Amino acid sequence: MITIDVSAVNIALPAIRDSLSGGMSGLQWVVDAYTLMFAALMLSAGALADRIGARRAYAWGVALFTLASLGCALAPGIGVLVGARVAQGAAAAVVMPASLALIRQAYEDARARARAIALWTVGGSVAMAAGPVLGGLLTDSAGWRAVFLLNLPVGAVILGLLVRVPRSPRLPAALDGGGQLTAVLALAGLAFAVIEGGHLGWTSGPVLAAAALALASGYAFRVVEAQHRQPMVPLGMLTDRRVAVPLAVGFAVNAAFYGGIFLLGLYYQQLRGMSGIAAGLMFVPMSAVVTATNLVSPRLAERIGRRPVIVAGQLVFTAAMLAMLPLAAHTPVWLVLVLLLPLSVGGALAVPALTALLMDAVPQERAGTASGLLNSFRQTGGALAVAVFGSLLSGPGGFSLPGMRIGLLAVAALLLATAALSRLFLPRG
């Protein structure tokens, strides 16, 4: 549910723009208000899940997400919608690490846990790939508000099923208000600078002030965490290459996937003039390939090792970015679908092995913190990719092909760098 509200909303963006009169900047904030809060609050949400119990944290998160979805559906303007998306992102931040912590607590055997994590990943990956289809169908048939209204019955069902899950133990974990505040300010300042820099000008006063806020808050975050007795992000964890490298890879993989979905949603509708349903159906092959690859990935990792699978996933993603460079307004549809196949495989291949490797690298009492860190880095990568692509895509005709290609090349270079780090520093097993 929380993943669909990323990918499905991408297809609904043109309809939201027409309904609420939001420009490209407004559309970027509709996406990034969600993903930035998701990213920033997951840092402490992991500790919250450890402290109050994963099941309780999961229940609170789902309830808040459902209510925030109602707020999105009823939003009368772009400002209210962005505010409701902030609440959605905060709730999603609680749900994600709590769900992974539940799996870590339920499966002591590493092999069984890897399979369970693979199924968990399948849910998110299928939602990410199938979300555009659902978003297109709902937007064209019932309006963009239906994308959010769908969450109401789903949230009710989840809460009903959750009563059958055993209570989770409460583990020692301190909440770090100073670290959380500085993290939110750093990410918000960075996102504002990137999003508004393309519209207000990179040397404008608000953009420079936001960049300064991001730098100052980032430095303050490091100082606060170093001095806190029980920081939400133990800096010592980041010196372990089995933790640091997966975080960098998660950032790059989500930058490629979230950026790609955002780009394609606008490419199909703004440049090619497709309807929401037609644009959504273009993602159907991706959905099938993502599901199949997610199921194959853990078995492949057991056979040849996790490192080769993680490296291969990033290289395939790099190929996906390069394959999208020739896209133009009149590229044959069949060729577009063929060029997008690597985009379906890369993340689905790397993420299950990446997540399992990180969960095995930390003790059980740090499972919530580690999962929060990983997902925070992943969501930050996605949010910044949307900000960068949105700034580059703005052109006289509403969609800039040269800007698209610059963004694709930048993400490809990032993926090559993290693939090299994975090859050099990750254990093979």
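What you see is a predicted model, and the numbers here were worked out from it, not measured in a lab.

Undergrad: Would you mind showing me how to read the overall build of the protein chain here?
TA: The number of helices and strands found in the protein chain is 17 helices and 0 strands. For the protein chain, whose C-alpha radius of gyration is 20 Å, the value lies close to the compact-globule estimate of 22 Å for 429 residues. Across its three principal directions, the C-alpha atoms of the protein chain cover 55 × 45 × 45 Å. For the protein chain, the residues scored as buried account for 58% of the 429 residues in total. For the protein chain, long-range pairs separated by at least 24 residues make up 84% of all intrachain contacts whose partners lie at least 6 apart in sequence. For the protein chain, the computed accessible surface area is about 16200 Å², with 69% contributed by carbon and sulfur atoms. Positive and negative side-chain charges in the protein chain, numbering 27 and 14 respectively, have mean positions lying 6 Å apart.

Undergrad: Any chance you could explain the environment of Ala212 here in plain terms?
TA: Checked against the element boundaries, Ala212 lands in helix H9 (residues 205–227). Each C-alpha atom, one on Ala212 and one on Ala193, is 9.3 Å from the other, the two residues being 19 residues apart in sequence.

Undergrad: I tried to follow helix H12 (residues 284–304) on my own but got confused; where do I start?
TA: Helical geometry: 3.6 residues make up each α-helical turn, so side chains three or four residues apart lie on a common side. For H12, spanning 21 residues, the distance from its first C-alpha to its last is 30 Å, which sits close to the expected 30 Å at 1.5 Å a residue. All buried positions along H12 are accounted for by Met286, Ser287, Val290, Thr293, Asn294, Ser297, Pro298 and Ala301. The positive-phi residue at the C-terminal boundary of H12 is Gly305, with phi of around 105°.

Undergrad: Just to check I follow, could you spell out a nonpolar patch on the surface for this structure?
TA: Together, Leu70, Leu74 and Leu149 line one region of the surface with nonpolar side chains, adding up to about 260 Å² of accessible area. Residue Leu149 is classed as partly exposed on the basis of its relative accessible area of 39%.

Undergrad: What should I look at first to understand the nonpolar core in this one?
TA: Generally speaking, nonpolar side chains in soluble globular proteins are found buried as a group. In this structure, Leu81, Phe262, Leu264, Tyr268, Phe317 and Met321 are the most contacted members of the largest nonpolar core, which totals 127 residues. Ignoring any residue separated from it by four or fewer positions in sequence, one finds Phe262 in contact with Asn10, Leu13, Met24, Gln28, Val31, Val386, Phe389, Gly390 and Leu393.

Undergrad: Is there a simple way to explain the pattern of salt bridges in this structure?
TA: Between side chains of opposite charge, pairing is possible as soon as their charged atoms come close. Inspection of the entire model under this criterion finds 6 salt bridges. A salt bridge links Arg85 to Asp5, with the nearest nitrogen and oxygen atoms 3.9 Å apart. With Arg85 in helix H4 (residues 78–106) and Asp5 in helix H1 (residues 4–20), this pair connects stretches of sequence that are 80 residues apart. Both residues of the pair, Arg85 and Asp5, count as buried. Of the charged contacts, one joins Asp360 and Arg113 as a salt bridge, the two residues approaching to 2.6 Å between their closest N and O atoms. Residue Asp360 is located in helix H15 (residues 341–361), and its partner Arg113 is located in helix H5 (residues 110–142); the two are separated by 247 residues in the primary sequence. By relative accessible area, Asp360 is classed as partly exposed at 31%. Three or more residues are tied together by salt bridges with common partners; here these are Arg113, Arg306 and Asp360.

Undergrad: It is not clear to me how the layout of surface pockets should be interpreted in this structure. Could you clarify?
TA: In this approach, a probe sized like a water molecule rolls over the atoms, and the result shows the empty space that is left. Approximately 960 Å³ is the volume attributed to the largest pocket. Forming the walls of the largest pocket are 39 residues, and the residues nearest its centre are Met96, Ser99, Trp120, Gly123 and Gly124. Elements with a minimum of two residues in the lining of the largest pocket: helix H3 (54–73), H4, H5, helix H7 (151–162), helix H10 (241–271), H15 and helix H16 (367–393). The residue makeup of the lining of the largest pocket, split by class, is 25 nonpolar, 12 polar and 2 charged. Roughly 440 Å³ of internal volume is contained in the second largest pocket. Taken together, 17 residues line the second largest pocket, and the ones lying closest to its centre are Leu43, Leu187, Phe221, Phe377 and Thr380.

Undergrad: How do you make sense of the environment of Val309 when you look at a structure like this?
TA: Relative to the assigned elements, Val309 resides in helix H13 (residues 306–323). For the pair Val309 and Asp176, spaced 133 residues apart in sequence, the C-alpha separation works out to 35 Å. For Val309, the contacting residues outside a window of four places in its chain are Ser297, Leu300, Ala301, Ile304, Leu349, Ala350 and Ala353.

Undergrad: Could you clarify how one ought to interpret the side chain of Asn151 in this entry?
TA: Tracing the backbone through its elements, the reader meets Asn151 in helix H7. The buried category is assigned to Asn151, whose relative accessible area is 3%. A polar contact is formed between the side chain of Asn151 and the side chain of Asp5, at a distance of 3.0 Å. With near-sequence residues (within four places) excluded, Asn151 lies in contact with Met1, Asp5, Phe65, Thr66, Ser69 and Gln88.

Procedures and definitions
- Residues numbered from 1 in each chain as written.
- Predicted model: local features only at pLDDT ≥ 70, side-chain atom pairs only at ≥ 80, totals over all residues.
- Heavy atoms only, no water.
- Helix = DSSP H or I, 4+ residues; strand = E, 2+ residues; numbered from the N terminus.
- Rg over C-alpha atoms; globule rule 2.2 N^0.38 Å.
- Buried < 20%, exposed > 50% of the residue type's maximum accessible area, 1.4 Å probe, protein only.
- Contact = heavy atoms within 4.5 Å.
- Areas by Shrake-Rupley, 256 points an atom, 1.4 Å probe, with all protein chains shown as cover.
- Lys, Arg positive; Asp, Glu negative; His and termini not counted.
- Charge placed at Lys NZ, Arg CZ, Asp CG, Glu CD.
- Expected span 1.5 Å × (residues − 1).
- Patch = residues over 30% accessible without salt bridge, like charges linked within 9 Å, V, L, I, M, F, W, Y side chains within 5 Å.
- Salt bridge = Lys/Arg side-chain N within 4 Å of Asp/Glu carboxyl O.
- Core = buried A, V, L, I, M, F, W, Y, C linked by side-chain atoms within 4.5 Å.
- 1 Å grid on protein atoms, 1.4 Å probe; cavity = no way out; pocket = protein on both sides within 12 Å on 5 of 7 lines; lining within 4 Å.
- Points joined across faces, edges and corners; volume = space filled by probe spheres on them.
- Nonpolar A, V, L, I, M, F, W, Y, C, P; charged D, E, K, R; others polar.
- Polar contact = N/O pair within 3.5 Å; in protein donor to acceptor, adjacent residues only side chain to side chain.

Purely spatial values, then, with no claim about function.
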